[in-house]
Amino acid sequence: MKARFGVGLVLVVAACQDMPLETEAADTLIVSPTNDDLRLVRGYRSTDDDCQLTGETAFTIDFLDDAADLVSCPAGGDAAQSLVEMYGARQVAKTGGYAVYTVPRR
């Protein structure tokens with residue numbers, strides 16, 4: 001019984017190694033910016049917003065303001081541009097693939 005299980009396991013592993021990647025999967029690479037300097041809390045305008053409400057860290061403490069929200073967006077994206085156009089956001093920093101904005105509440 002143990003011998004059959006061992007042979008079956010070897011065949012399964014060998015079969016998996018010979019499987020080629022699908023063309024679509026090989027051509028698609030999704031890279032999300034990552035950063036230890038930011039505490040990303042939730043989507044700013046909606047739950048699936050690329051721009052994230054940003055909490056306090058050693059990096060962000062100097063940018064926090066009681067009259068504004070701190071929001072981080074992937075650098076160079078459309079989400080960041082729309083944040084500037086819709087809310088008058090002002091960029092205050094960049095770190096790890098994110099641009100950090102202050103968004104006035106009033």
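Just so it is clear, the structure is predicted and the values come from calculations on it, not from any experiment. (Residues numbered from 1 in each chain as written. Predicted model: local features only at pLDDT ≥ 70, side-chain atom pairs only at ≥ 80, totals over all residues. Heavy atoms only, no water.)

Considering the nonpolar core
Heads up, the condition is: Put simply, a nonpolar core is a bunch of buried Ala, Val, Leu, Ile, Met, Phe, Trp, Tyr and Cys residues held in one set by side-chain atoms that sit within 4.5 Å of each other. Throughout, exposure labels follow a simple rule: accessible area from a 1.4 Å probe, protein chains only, divided by the maximum for the residue type, with under 20% read as buried, over 50% as exposed, and the rest as partly exposed. Only runs of H or I of at least four residues qualify as helices and only runs of E of at least two qualify as strands under DSSP, and these elements are numbered from the N terminus. The contact criterion used throughout is that any non-hydrogen atoms of two residues lie within 4.5 Å.
Judged by nonpolar contacts, Tyr-44, Cys-51, Leu-53, Val-71, Cys-73, Ala-79, Ala-80, Leu-83, Ala-89, Ala-99, Tyr-101 and Val-103 together constitute the single largest core of 12 residues. Within the residue set of this core, elements represented by two or more residues are β3 (68–74), α3 (78–87) and β5 (98–104). Other than its neighbours up to four places away in sequence, Leu-83 contacts Tyr-44, Arg-45, Cys-51, Val-71, Cys-73, Gly-88, Ala-89, Tyr-101 and Val-103. Among the nonpolar cores identified, the runner-up in size contains 5 residues, and Leu-38, Leu-70, Tyr-98 and Val-100 belong to it.

Overview of the state of the cysteines
This is how it is decided: In this description, a disulfide is simply a cysteine sulfur pair whose atoms lie within 2.5 Å.
Under the definition given, this model contains 1 disulfide. Paired through a disulfide, Cys-51 and Cys-73 show a sulfur-sulfur distance of 2.0 Å. One quick way to see it: the torsion about the S-S bond of Cys-51 and Cys-73 is about 115°, and its sign makes the bridge right-handed. Of this pair, Cys-51 sits in the loop between β1 (39–43) and β2 (52–55) while Cys-73 sits in strand β3, and the two are 22 residues apart along the sequence. A single burial state applies to Cys-51 and to Cys-73, both of which are buried.

Read these as spatial facts, not as claims about activity.
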